[in-house]
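Given next are the chains, with one letter for each unit.
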Amino acid sequence: MRILHTSDWHLGRPLEERDRIEEQRELLGEIAALLDEHRVDLLLVAGDVFDTVNPPAAAEQLFYDAIEEMSHGGRRAVVVLAGNHDSPERLVAASPLADRYGISLMGLPGDVLPVQEEARPGLVRRVASGPAYLELAIPGVPHGVCIAALPYPSEARLRTILATSLDEKEQQVAYAVHVARLFADLGRNFRPDAVNLAASHLFVTHGQESGSERPIQLGGACAVPASAFPAGAHYVALGHLHRPQEVPGAAAPTRYSGSPMACSFAEVDQAKSVVLVEAEPGKSARIELLPLTKGRPLAQWEAKEGFAQALSWCQSGKDAGAWIDLEIHGRLELGQVHELRKARPELVRIRPVGPEVAATPAGDPRTRSQRPLAESFQDFFRAQRGEEPDAELVKLFCELAQQEPETETAAAAPTDARVPGEAA
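**Q** Would you mind going over the sheet that holds strand S1 (residues 2–6) with me for this structure?
**A** Adjacent strands of a sheet form backbone hydrogen bonds with each other and so pair up, either parallel or antiparallel. Strand order in the open sheet formed by six strands is S4-S3-S2-S1-S14-S15, and the pairing between neighbours is mixed. A single partner strand is all that each edge strand has here, and the edge strands are strand S4 (103–106) and strand S15 (286–291). On average, adjacent strands in this sheet sit at an angle of 20° to one another, irrespective of strand direction. Here helix H2 (residues 57–70) sits on the sheet in contact with strand S2 (42–46), strand S3 (77–81) and S4, set at roughly 140° to S4.

Written out as structure tokens, the structure reads:
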């Protein structure tokens with residue numbers, strides 16, 4: 001049978017507030033095409049489907065549309081695990097409908113999915129299950145597949161206290177021992193006449209981070225050694241780290257598929273891919289990385305010669321189609337920032353190095369210390385974002401700085417303006 005392993009879609013995640021939902025739609029379309037091209041029997045999504053526990057409606061709709069298409073009308077198995085960014089309850093809310101399409105949504109480590117007793121001719125069927133475990137019968141596959149599928153196993157989601165000590169080292173040991181014990185127990189469900197898989201969303205000790213991952217838990221207490229995974233697995237599919245990588249030292253072939261699209265400029269040089277695994281009972285798995293091409297590329301520019309060099313790059317079409325992070329040396333006037341953004345709207349960030357962005361507009365005789373705080377904040381916001389801050393934001397900033405707005409713009413704010421989210 002053929003398995004495709006992916007993770008960390010982070011649907012709904014912007015790039016510095018640039019919406020990327022259409023890029024993510026194209027990416028999932030590419031993954032769907034690879035599933036068909038390589039005649040994949042089982043899709044494994046190892047967590048972080050969404051970027052937040054409360055994803056935007058467009059991201060949820062994209063997910064539902066994508067997995068329905070990827071399930072091939074219930075003829076291809078799909079298993080999706082919750083990651084640390086996902087709300088377990090929200091992820092599995094559609095399970096009654098997903099079950100009809102051979103889609104298994106797994107939210108918490110202790111969840112048990114219902115067995116589908118009745119025969120489903122030509123469709124995927126769940127023939128056995130338990131906490132973090134399921135066995136599937138897939139059309140056209142002469143053997144079953146047993147999956148030890150452990151959604152993000154935080155102490156809270158495991159609903160247990162692993163250590164009474166506050167010592168980080170003792171917490172780490174207790175967590176690693178517990179997860180290893182869980183996988184050992186789950187591995188007892190493996191059979192010699194089936195393809196045996198393990199999947200989870202967690203951090204393996206010494207894994208290579210990209211810098212775009214948000215910590216699973218402060219202090220690193222949620223790390224496990226490579227030895228934690230069951231030796232009887234044909235393959236272990238992991239999520240959380242965005243850099244595609246093999247896990248050395250594991251008893252079975254173990255990989256992070258990585259995020260399929262760069263989540264931040266920290267991933268600018270990474271080649272993105274999904275993992276294709278071919279496995280059958282009694283034989284070693286064959287593993288192949290399938291490259292991904294969709295989603296805008298990211299580029300980082302360093303204009304050591306200043307504004308003129310940066311403007312030349314913008315006008316020349318350098319890195320066409322890419323989102324750009326620009327570091328520019330030398331003094332940068334506000335008008336020059338606008339000129340750069342007009343020439344290249346794909347400039348996500350403009351970061352001056354050396355002399356800061358001119359804080360005082362040309363012709364203003366006042367020094368920075370003589371200007372009202374609100375004016376300085378407005379100038380800074382324009383330089384960083386290329387647009388005017390709204391009056392309420394200026395007012396809020398000044399309140400936080402324990403000063404009152406002093407500009408005409410700020411004074412124009414409604415007298416009943418509230419902090420966003422404050423009760424009326």
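There's more to say after this.
**Q** I keep staring at the pattern of salt bridges and nothing clicks. Help me out?
**A** As a working rule, side chains carrying opposite charge can pair if their charged atoms are close by. All told, the structure shown has 19 salt bridges when counted by the stated rule. A salt bridge links Asp-325 to Arg-351; the nearest nitrogen and oxygen atoms lie 3.0 Å apart. Of this pair, Asp-325 sits in strand S17 (residues 323–329) while Arg-351 sits in strand S18 (residues 347–353), placing them 26 residues apart in sequence. Classification of Asp-325 as buried rests on a relative accessible area of 1%. What makes Arg-351 partly exposed here is its relative accessible area of 29%. Shared partners join several salt bridges into a network, and the residues in it are Glu-16, Asp-325, Glu-327, Arg-349 and Arg-351.

**Q** Looking at this structure, I do not really get the side chain of Thr-254. What am I missing?
**A** Following the sequence through the fold, Thr-254 ends up in strand S13 (residues 254–256). Only 2.8 Å separates the side chain of Thr-254 from the backbone oxygen of Ala-252, close enough to count as a polar contact.

**Q** What exactly am I supposed to notice about the pairing of strand S16 (residues 298–303) here?
**A** Two faces make up the sheet, and in a regular strand the side chains alternate between them. Summarising the sheet, S16 and S17 pair through six bridges and their orientation is parallel. Across the sheet, Trp-301 pairs through a bridge with Leu-326, a residue of S17.

**Q** Please explain the sheet that holds strand S6 (residues 133–137) as it appears in this structure.
**A** Strands sit in the order S5-S6-S7-S8-S11-S13-S12 across an open sheet of seven strands; the sheet is mixed. Of all the strands in the sheet, the pair left with one neighbour each is strand S5 (125–130) and strand S12 (245–246). This element, helix H6 (residues 168–187), spans S6, strand S7 (145–150) and strand S8 (195–201) of the sheet and lies at about 160° to S7.

**Q** Would you mind showing me how to read the packing of helix H7 (residues 307–316) against helix H8 (residues 334–343) here?
**A** Between two packed helices, both the angle of their axes relative to each other and the distance between the axes serve to describe the pair. Their axes nearest at 9 Å, the elements H7 and H8 cross at an angle of 20°. Here H8 runs roughly parallel to H7, going by the angle between their axes. The chirality of how H7 crosses H8 is left-handed. Contacts from Phe-307, Ala-310, Leu-311, Cys-314 and Gln-315 in H7 reach Gln-336, Glu-339, Leu-340 and Ala-343 in H8. Its residues placed into classes, the contact of H7 with H8 shows six nonpolar, two polar and one charged.

**Q** Help me out: how do you make sense of the packing of aromatic side chains in this one?
**A** Between two aromatic rings, the relevant description is the distance of the centres plus the angle of the planes. Enumeration over the complete set of coordinates arrives at five aromatic pairs. Between Phe-63 and Tyr-64 the ring centres are 5.7 Å apart and the planes differ by 45°, which places this aromatic pair in the tilted class. Aromatic rings pair up to connect Phe-50, Phe-63 and Tyr-64 into one cluster. In this structure, Arg-296 is placed above the aromatic ring of Trp-323, and the distance from its NZ or CZ to the ring centre is 4.2 Å. The ring of Trp-313 has Lys-318 sitting right over it, with the charged end atom 5.0 Å from the ring centre.

**Q** Can you help me understand the environment of Gly-249 in this one?
**A** Structurally, the position occupied by Gly-249 is in the loop between S12 and S13. Given a relative accessible area of 69%, Gly-249 falls into the exposed group. Through-space distance from the C-alpha of Gly-249 to that of Ala-226 is 5.8 Å; in sequence the pair is 23 residues apart.

**Q** Just checking my understanding: could you explain unusual backbone geometry for this structure?
**A** One non-glycine residue, Glu-17, adopts positive backbone phi at about 75°. Within the fold, Glu-17 resides in the loop between S1 and helix H1 (21–37). Residue class for Glu-17 comes out exposed when judged on its relative accessible area of 60%. In this structure, Arg-39 is a non-glycine residue whose phi angle is positive, near 50°. Mapped onto the fold, Arg-39 is located in the loop between H1 and S2. According to the relative accessible area criterion, Arg-39 is exposed, its value standing at 58%.

**Q** How should I be thinking about the environment of Pro-121 in this particular structure?
**A** Within the secondary structure layout, Pro-121 lies in the loop between S4 and S5. With 46 residues separating them in the primary sequence, Pro-121 and Arg-75 have C-alpha atoms 9.6 Å apart.

Rules used in this analysis
Residues numbered from 1 in each chain as written. Predicted model: local features only at pLDDT ≥ 70, side-chain atom pairs only at ≥ 80, totals over all residues. Heavy atoms only, no water. Pairing = 2+ DSSP bridges. Helix = DSSP H or I, 4+ residues; strand = E, 2+ residues; numbered from the N terminus. Axes fitted to C-alpha atoms, helices over the stretch in contact; angles between N-to-C directions. Contact = heavy atoms within 4.5 Å. Salt bridge = Lys/Arg side-chain N within 4 Å of Asp/Glu carboxyl O. Buried < 20%, exposed > 50% of the residue type's maximum accessible area, 1.4 Å probe, protein only. Polar contact = N/O pair within 3.5 Å; in protein donor to acceptor, adjacent residues only side chain to side chain. Parallel < 35°, antiparallel > 145°, perpendicular 65-115°, else oblique. Left-handed = near helix turned anticlockwise from the far one by under 90°. Nonpolar A, V, L, I, M, F, W, Y, C, P; charged D, E, K, R; others polar. Phe/Tyr/Trp six-rings, centres within 6.5 Å; stacked < 30°, edge-to-face > 60°. Lys NZ or Arg CZ within 6 Å of the ring centre and 35° of its normal.

Any link to function would need more than the numbers given here.
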